[in-house]
Amino acid sequence: NQPAKKGNGEYHITNDRRILSTRSVYTGHIDNSAFVFIKPHANVSAACRDLVRGLLKFRKIDIVKEGEIMAESIDKDKLIDQHYYAIGSKAVMLKPTELDIPEDKFESAFNVSWQSVLNECRVYNAMDACTYLDIGPDELDIAWAKAKGEGKLVKLGGGFYCGYIDTIPDKPAIYVINGFYMSMRSKFVQPGSSIYYFCVEWSSSDLSFSDFRNKVLGCTDPTQAPSDSIRGIIMSDWRSLGLSKAPNTGDNGVHASASPFEALAERMNWLGVAVSEDSFGRKLLDAGVTDMVIKQWSIDPSVDGRSVFDTLEELDCGNCVAKALELLRNFKVSSGSVELDNKGMNSSCIVQTQSAPTGTSTDDRRNQPAKKGNGEYHITNDRRILSTRSVYTGHIDNSAFVFIKPHANVSAACRDLVRGLLKFRKIDIVKEGEIMAESIDKDKLIDQHYYAIGSKAVMLKPTELDIPEDKFESAFNVSWQSVLNECRVYNAMDACTYLDIGPDELDIAWAKAKGEGKLVKLGGGFYCGYIDTIPDKPAIYVINGFYMSMRSKFVQPGSSIYYFCVEWSSSDLSFSDFRNKVLGCTDPTQAPSDSIRGIIMSDWRSLGLSKAPNTGDNGVHASASPFEALAERMNWLGVAVSEDSFGRKLLDAGVTDMVIKQWSIDPSVDGRSVFDTLEELDCGNCVAKALELLRNFKVSSGSVELDNKGMNSSCIVQTQSAPTGTSTDDRRNQPTKKGNGEYHITNDRRILSTRSVYTGHIDNSAFVFIKPHANVSAACRDLVRGLLKFRKIDIVKEGEIMAESIDKDKLIDQHYYAIGSKAVMLKPTELDIPEDKFESAFNVSWQSVLNECRVYNAMDACTYLDIGPDELDIAWAKAKGEGKLVKLGGGFYCGYIDTIPDKPAIYVINGFYMSMRSKFVQPGSSIYYFCVEWSSSDLSFSDFRNKVLGCTDPTQAPSDSIRGIIMSDWRSLGLSKAPNTGDNGVHASASPFEALAERMNWLGVAVSEDSFGRKLLDVGIPEDLIQAATLDPQLAGKSVFDMLENLDCGDCVLLALEMSARIVIERRSNESQSATPYCQSNALDVVSEEHTDCDINYVTMEDGSQVQRRLTRAETEVRRRRSSVHDIVMSLPTDSSLPSVSAYIPIVLSDAIFCGHLVTDLDSIAGAIGAAELYGGVAARASEVNSETQFALDYWGVPTPLPVEKLVVSQPGAGICLVDHQQMSQVNPAIDPDRIVGVIDHHALQNATIVTDRPIYMDIRPWGSMSTIIAHTYLMTKRRPRKCIAGMLLCAILSDTLNLMGPTTTEWDKMMVAVLCEIAGVNDIEALAKAQFRAKSKELENLSAEQLVDGDMKVFSYNADNFSGSIGFAVIETTDDGIILARSNELLASLKVSKQEKSLDLLFLAVVNIVSLQSTLLVVSEAEKSLAEMAFPASEGGAGPTGESSTYFLGPLVSRKKDFVPALSRAINKEGWQLLK
């Protein structure tokens, strides 16, 4: 929409791209068209533009549109890279991992494999190479030329080169793709440059395309161009035209399309024109070339071995269309991994095939070929198509989402009927496709569609519902809380599972309940029924039981919907008429006979339907308003609000993204459904009504309700004046002065986090402030505010902080803590001085100048010398110039100041700082701040800093960035002088963590009150560690702030967590509770009320009484991490676009067999399954699985791994990775030690640890479960485990850590449990833990004593001077140890037998109560007893003999890994225990 300057100094407004096609459409003679632009080197004056314009008109070529496109847009939108796509895409747009590399060519050229340089991060595209090497395009061009000259270059394909760049000083050698391109590109994206374009048309009968290029334009080499051609005249007159040098082949003045097709491609790229809006585009569409083929050809692929552009070069319009059809016959359309032969059909790009793929995922669905009735497919891989017409024509405004319901989507006839009727009504179909039942079920698309009823029936658990408890109790004579506590109420989906019935059976039972009056309406679309008629099943309460039968029609395997995204003009057809006349009313028997539903009603047999339509199965659904259409596109197609044409209209009108998302589930506003309120309104009226609704709509955010006025800023109030000198606490609740004399109330710090918490999308945040030199007028504040809003960045709080507060509270000194603390806050005696450096610099000892009071920080120096900051700055500069300065560390300098008249010479710390500080604390100055938030999916933190804010040096900042605009407009903004690197207008945080630190400093926000702060707390980072990190300390020699710089929220949390772990691997703050009533009581059920620091829950006891209990450890740990875990999980990709894990982990694990220990347990099975999926191998079991493991396998639907004995035979070449063990005594005998390639374990290394003759992969961590290691590796490699895998890993961690209550539990176990709950969708972790522990204990009742002894036994070998032999240690974990201990005599007998059979020197059996967390040890002889007495002294935790000679009470010791075996080892290895024969 750029005004284009004309030669007379006037501007030609070019805001309507449709002008391009006016002549072609109506005359029928104008057929050829081209896109012409003056290149940046020549677009330097009006003279050149006037010349080109005049020459075109002289040749009878019509200019139908002209304008200018600035460098910033060319760079940001990668227009030049798309223009030169073959080379530019590889240099700028694609990463090396995305390229199809002929690896043999690469390896032949460089003697190194492509995969290895990828894995080592030594290959970059040209743009990233400039960033990595910190060089400009010209420097890269020189280095590229050197590489070429030295033969360090290889051609990998057309326009595809790789060079080895090893000549950049102090930089590592790297491989670069298309390094030559950046220099060429820089001419187009250099700030201040631009192109000037002309869209032109003419008649091929007057001028052929060949003559247009050769005679009008002139050949590429301007020295050979005809003297009267455009390039020829520019060549001869370049000086008078204002060019800086003579044109050459590259800079030849003007570019022009080489054919009508290339002209279309260039208008699509440079102007955003849609194919259907373009005159030549429509010719191709009308001839049968599909929109998708045109888009693929627009990047100039090779067809029949030749470039499309070359094939169509210089052909006139008619011949170009004919040649395109000829090409089409052999062209294969690529869509993901699907290639479809295009047969030239106009309706779509199609291919003969057998059947429609089923079970597609959400992502697959978006790019899925949609089956047509003739067995053909329509590719629907571009969601943006939906909005193309609305944006550019201004007439197409209404839109709807239409789909054929499953009962009618049974033949091509119905789809052809609907498609034909829509087209007949002049309704444009801009996208169509099929979504299979598997995706509808998996992604709960139909449940979101019918959210009011479906969410309660499928998506929400009864505990999450807002129940009118009085209604429930009145209907059923029982309280809601009691049926919740007794687990007797289910949503409809869970009810089917629990009762083991199908949707139709539930529907029948629901109807019976309704007939018997056992049903109550609890609200809109909200019913509860008492289902007591299912044979042999207990009676339960069910929410919205009627829904499952309706849902089943959509999720029945083999069924699907077929959708159409449609658009039309409201001036041609109102939304009301669309629904009533085109679609037809809900009851198809009453629909107009020529409507879609009416025709399906009359012709249902011939259309292949199995029965006549009715009100529910009426053939077709369609949106009831433009807003509902948006909501349905968001749900069914995953379209983002900002990607949708109607969505953008709402955003532009002031309706926020969050409000739109809340409204998309049809809440009640003003007592009426949003969908009902907006029903049948045309686009304009729908937007207006939405704004009217917005005035009264309250956006709920925790305990804060904000009256939403359609603006992202908060409300304001008139007051008198801005108080100054406020204290830190006063500052937090201070009205802040706005430019118009009004004040913005900033008394609720929680506002900052409202969007992040509830939408899950707004995650990044920053603290931005206008520096004092620029905060001199309302204009600058308005500019920054407007630019932030323009970039869709939400301002959730803003205000002003005066100099008096900045000075008094030392806010600027805390902000620049590394230098400011030493200059202002700390005395020299408090500093850690490298005394040798000081003495070497000044020939005097540090202690002597301290003792003589001759050293001061900068602030005290000003006071002592009675000078101001500027005078100290001058004296500091003199000292520096005379070499009287020394750097003592990072941001740490000392200078000898001896030039102040009549003052003694002194040493000063960081004397330079006071001048900088004075700008912030000068009376009358202030900063103006903005707390901002945005979605990382829309804008990365790096782009926020580099593109929105602009680089530190404002002269180098993008011209449309905040700093760039302040730089160019500083006079009109009221600044006293031009900005520079120090005074660059605006400061902004460099990461989400730095933003937290700055909000804490400037606004006094507590960590726990801040959204990002809570994320850090929730993942287990201690608050004191966060507080310390906000001072930007050094970690591993690098600043914390630098390490987190530019990271988006999710990555920032992950790296912060990893950094925290380096400092504190395990924080056992809860370990001291192991002897408290909390742990001694029944941790899975009821605890005493004396501990009230956790949330209180109600639980019903076996006798029916209700008591209080607080959340268990596992519930607490999961709940407090919920928000941050959600962000971490959401940051994990849901596709396979990342490199394989072998890019991070040695390749030896690929295809390996992952096997746990003998006497296998849940951790060894789940870990093997998780590792096998992660690394691409196969899981095995070393022995039969126990009941707890079988429970987990059944619960998550995971097949039992095959025995390792079979796999080592069937896969003789596969390596073996041991999981959950590394002792040879625990390795299955079928495993050949020579085949072991890796170990993943969490146990201590003992004497019998495996020995190999070559290095192997080892991952051993001191965590509570091996499955924790696997889960963490998924996160570190950015992998999202499947739900069933996450569930298995979760169960294993709960098992090994005794529901996070065991002594081996670490912060990592807690964190991974929270993450896995999120991924696996576990809402009630306590119920899961109880169920699996119950399964473990239940099996024990039926096992023989021999099975109990051998079931979980591990053997440990010792080779000490005092004892050399093997000790067996068996464990029985149970929820009721009384039952096991009652069988002590049997167990002792079996222990003796097992000890003898296994030739063990000693054998112990520990019975562990996993509820009370206490253990009892069974000993079979005096030898075991003597070792037990030394290993477990009676004074430790109440341990000691029980009175029975064969039993020994171990108290709160419960872990073989951490408690039992280490104690035995200590007694043997350190305390000298001996086996007395």
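Worth saying up front: this structure is predicted, and the values here are computed from it rather than measured.

Draft legend 1. Seen up close, the overall build of the protein chain. Scanning the protein chain from N- to C-terminus turns up 68 helices and 55 strands. When burial is assessed residue by residue, the protein chain has 54% of its 1477 residues classed as buried. When contacts within the protein chain are restricted to residue pairs at least 6 apart in sequence, those whose partners lie at least 24 apart make up 69%.

Draft legend 2. Molecular detail of the packing of helix α5 (residues 85–93) against helix α10 (residues 181–189). Running from amino to carboxyl end, α5 crosses α10 at an angle of 95°, the nearest separation of the two axes being 10 Å. By the angle between their axes, α5 is roughly perpendicular relative to α10. Contact residues: α5 offers Ile87, Gly88, Ala91 and Val92, while α10 offers Tyr181, Met182, Met184 and Arg185. Per-class residue counts for the contact of α5 with α10 are six nonpolar, one polar and one charged.

Draft legend 3. Representation of the packing of aromatic side chains within the structure. Tallied over the full model, the rule gives 63 aromatic pairs. With centroids separated by 4.6 Å and ring planes inclined at 20°, the aromatic side chains of Tyr856 and Tyr864 adopt a geometry described as stacked. We classify Tyr856 as buried; its relative accessible area is 17%. An aromatic cluster of at least three residues, connected via ring pairs, comprises Phe35, Phe37, Phe188, Tyr197 and Trp270. Lys456 extends its terminal NZ or CZ atom over the ring of Phe526, reaching a point 5.4 Å from the ring centre. The ring of Phe892 has Lys822 lying over it, and the distance from NZ or CZ to the ring centre is 5.4 Å.

Draft legend 4. Geometry of helix α11 (residues 209–217). All buried positions along α11 are accounted for by Phe209, Phe212, Arg213, Val216 and Leu217. Viewed end-on, α11 has its buried residues packed into an arc of 115°, placing them on one side of the element. Looking at the packing, one finds that the buried side of α11 touches β3 (32–38), α2 (46–58), β9 (194–202), α12 (230–236), β10 (254–256) and α13 (260–271). Phi turns positive one or two residues past the end of α11, at Gly218, with a value near 100°.

Draft legend 5. Inspection of the pattern of salt bridges at higher detail. According to the stated counting rule, one finds 56 salt bridges in the structure shown. Note that Glu66 is salt-bridged to Arg53, the shortest N-O span being 2.6 Å. One end of the pair, Glu66, is in strand β4 (residues 62–70); the other, Arg53, is in helix α2, with 13 residues separating them in the sequence. Put simply, Arg785 and Glu798 hold a salt bridge, and the shortest N to O gap is 2.6 Å. Separated by 13 residues along the polypeptide, Arg785 in helix α38 (residues 778–790) and Glu798 in strand β33 (residues 794–802) bring together distant segments of the chain. No difference in accessibility class separates Arg785 from Glu798, as the two residues are buried. Salt bridges linked by common partners bring Asp50, Arg53 and Glu66 together as one network.

Draft legend 6. Looking closely at the sheet that holds strand β19 (residues 489–491). Taking strand neighbours across the sheet as the criterion, the four strands line up as β19-β22-β21-β20 in an open arrangement whose pairing is mixed. The two strands at the open ends of the sheet, each matched to only one other strand, are β19 and β20 (519–523). Strand after strand, the sheet turns through a mean of 25° between neighbouring axes, direction not considered. The pairing of strand β21 (residues 526–531) with strand β22 (residues 540–543) spans four bridges and is antiparallel. Across the sheet, residue Ile531 finds its bridge partner in β22, namely Ile540.

Draft legend 7. Representation of a nonpolar patch on the surface within the structure. Together, Leu1245, Met1258 and Ile1260 line one region of the surface with nonpolar side chains, adding up to about 270 Å² of accessible area. Here Met1258 shows up in strand β49 (residues 1257–1260). The exposure class of Met1258 is partly exposed, given its relative accessible area of 42%.

Draft legend 8. Highlighting the nonpolar core. Phe993, Phe1154, Ile1240, Phe1404, Leu1417 and Phe1432 are the most contacted members of the largest nonpolar core, which totals 124 residues. If near-sequence neighbours (up to four positions away) are discounted, Phe1154 is found in contact with Leu1149, Ala1168, Ala1171, Ala1172, Tyr1175, Gly1177, Val1178, Ala1179, Ala1180, Cys1217, Val1219 and Ile1240.

Draft legend 9. Quick peek at a negative patch on the surface. A contiguous patch of negative charge, built from Asp100, Glu103, Asp104 and Glu107, is present on the exposed surface. Here Glu107 shows up in helix α6 (residues 103–110).

Draft legend 10. Local environment of the pairing of strand β23 (residues 560–569). In terms of burial, β23 is a largely internal element, ten of the ten residues being buried. Covered by surrounding structure in β23 are Ser560, Tyr562, Phe564, Val566 and Trp568 together with Ile561, Tyr563, Cys565, Glu567 and Ser569, the residues of both alternating faces. Both strand β17 (residues 396–404) and β23 contribute to a ladder of eight bridges, which runs antiparallel. Residue pairing in the sheet places Ile404 in a bridge with Tyr562 of β23. With eight bridges connecting them, strand β18 (residues 428–436) and β23 associate as antiparallel partners.

Rules used throughout
- Residues numbered from 1 in each chain as written.
- Predicted model: local features only at pLDDT ≥ 70, side-chain atom pairs only at ≥ 80, totals over all residues.
- Heavy atoms only, no water.
- Helix = DSSP H or I, 4+ residues; strand = E, 2+ residues; numbered from the N terminus.
- Buried < 20%, exposed > 50% of the residue type's maximum accessible area, 1.4 Å probe, protein only.
- Contact = heavy atoms within 4.5 Å.
- Axes fitted to C-alpha atoms, helices over the stretch in contact; angles between N-to-C directions.
- Parallel < 35°, antiparallel > 145°, perpendicular 65-115°, else oblique.
- Nonpolar A, V, L, I, M, F, W, Y, C, P; charged D, E, K, R; others polar.
- Phe/Tyr/Trp six-rings, centres within 6.5 Å; stacked < 30°, edge-to-face > 60°.
- Lys NZ or Arg CZ within 6 Å of the ring centre and 35° of its normal.
- Arc of directions from axis to C-beta.
- Salt bridge = Lys/Arg side-chain N within 4 Å of Asp/Glu carboxyl O.
- Pairing = 2+ DSSP bridges.
- Patch = residues over 30% accessible without salt bridge, like charges linked within 9 Å, V, L, I, M, F, W, Y side chains within 5 Å.
- Areas by Shrake-Rupley, 256 points an atom, 1.4 Å probe, with all protein chains shown as cover.
- Core = buried A, V, L, I, M, F, W, Y, C linked by side-chain atoms within 4.5 Å.
- Lys, Arg positive; Asp, Glu negative; His and termini not counted.
- Charge placed at Lys NZ, Arg CZ, Asp CG, Glu CD.

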